[in-house]
Amino acid sequence: MSRVAPMVSTVAIGATGTLAGIARHAFPKGAMEAIDHADVTLAGGIVGDFRGAMKGKPYRRQVTLIERIDWAAAMAEVDHSHDWTARRSNLLVDDLDLPQVPGTLLRIGADVVLEITRETDPCERMEALAPGLKAALLPDWRGGVCARVVAEGRITIGDTIEVVR
């Protein structure tokens, strides 16, 4: 009988970073809109972003986050320089290695709490942006993380992001 080893968390509780960007898109394949602040709700994710609405349960992709350093590395690998919003993520993170452990909680600003649910899988749209980009986003969750909203509130560029569990 084989056993599956339990996932061991190496998440540094208390680690912090900075919210460097916020973006949303009102409809599928719509243009990304970069904004400086956003309301985040339990039912709708980032207000004004079509993907945040709860569609089925459990909904695991209300908000997506990507690290600036990971996007830059993928861009360097494919020798392109697209803005981070081309990844179609909602939040850009600086100075924090996003935990690759589902169930990890992140606090953004004073009130918003997100629960990491899974890796954000790169899709064919990334390949259309730059040949090789889909593959460049695959290693080490470089394409980012998906999250669901646990506590709502308002976020603003410059807010602290903290790993709370």
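See the structure shown above.
Keep in mind it's a predicted model, so treat the numbers as computed, not measured. (Residues numbered from 1 in each chain as written. Predicted model: local features only at pLDDT ≥ 70, side-chain atom pairs only at ≥ 80, totals over all residues. Heavy atoms only, no water.)

As a further point, take the overall build of the protein chain. What the protein chain contains, in helices and strands, is three helices and 11 strands. Taken over the C-alpha trace, the protein chain has a radius of gyration of 15 Å; the compact-globule value for 165 residues is 15 Å, and the two agree within 12%. Relative to its 165 residues, the protein chain shows a buried fraction of 46%. Sequence-distant contacts, at least 24 apart, represent 71% of the contacts inside the protein chain between residues at least 6 apart. Just so you have it, the protein chain exposes about 8400 Å², and 53% of that area is on carbon and sulfur atoms. The averaged location of the 22 negative side-chain charges in the protein chain is 9 Å from the averaged location of its 19 positive side-chain charges. (Helix = DSSP H or I, 4+ residues; strand = E, 2+ residues; numbered from the N terminus. Rg over C-alpha atoms; globule rule 2.2 N^0.38 Å. Buried < 20%, exposed > 50% of the residue type's maximum accessible area, 1.4 Å probe, protein only. Contact = heavy atoms within 4.5 Å. Areas by Shrake-Rupley, 256 points an atom, 1.4 Å probe, with all protein chains shown as cover. Lys, Arg positive; Asp, Glu negative; His and termini not counted. Charge placed at Lys NZ, Arg CZ, Asp CG, Glu CD.)

Sheets are built from strands that pair by backbone hydrogen bonding, the pairs being arranged parallel or antiparallel. The antiparallel open sheet is built from three strands, whose spatial order is β4-β3-β10. Two strands lie at the open edges of the sheet, namely β4 (45-46) and β10 (153-156), each paired on one side alone. The sheet contact formed by strand β3 (residues 37-41) and β10 spans four bridges and is antiparallel. Its bridge partner lying in β10, Asp39 is registered against Arg154. (Pairing = 2+ DSSP bridges.)

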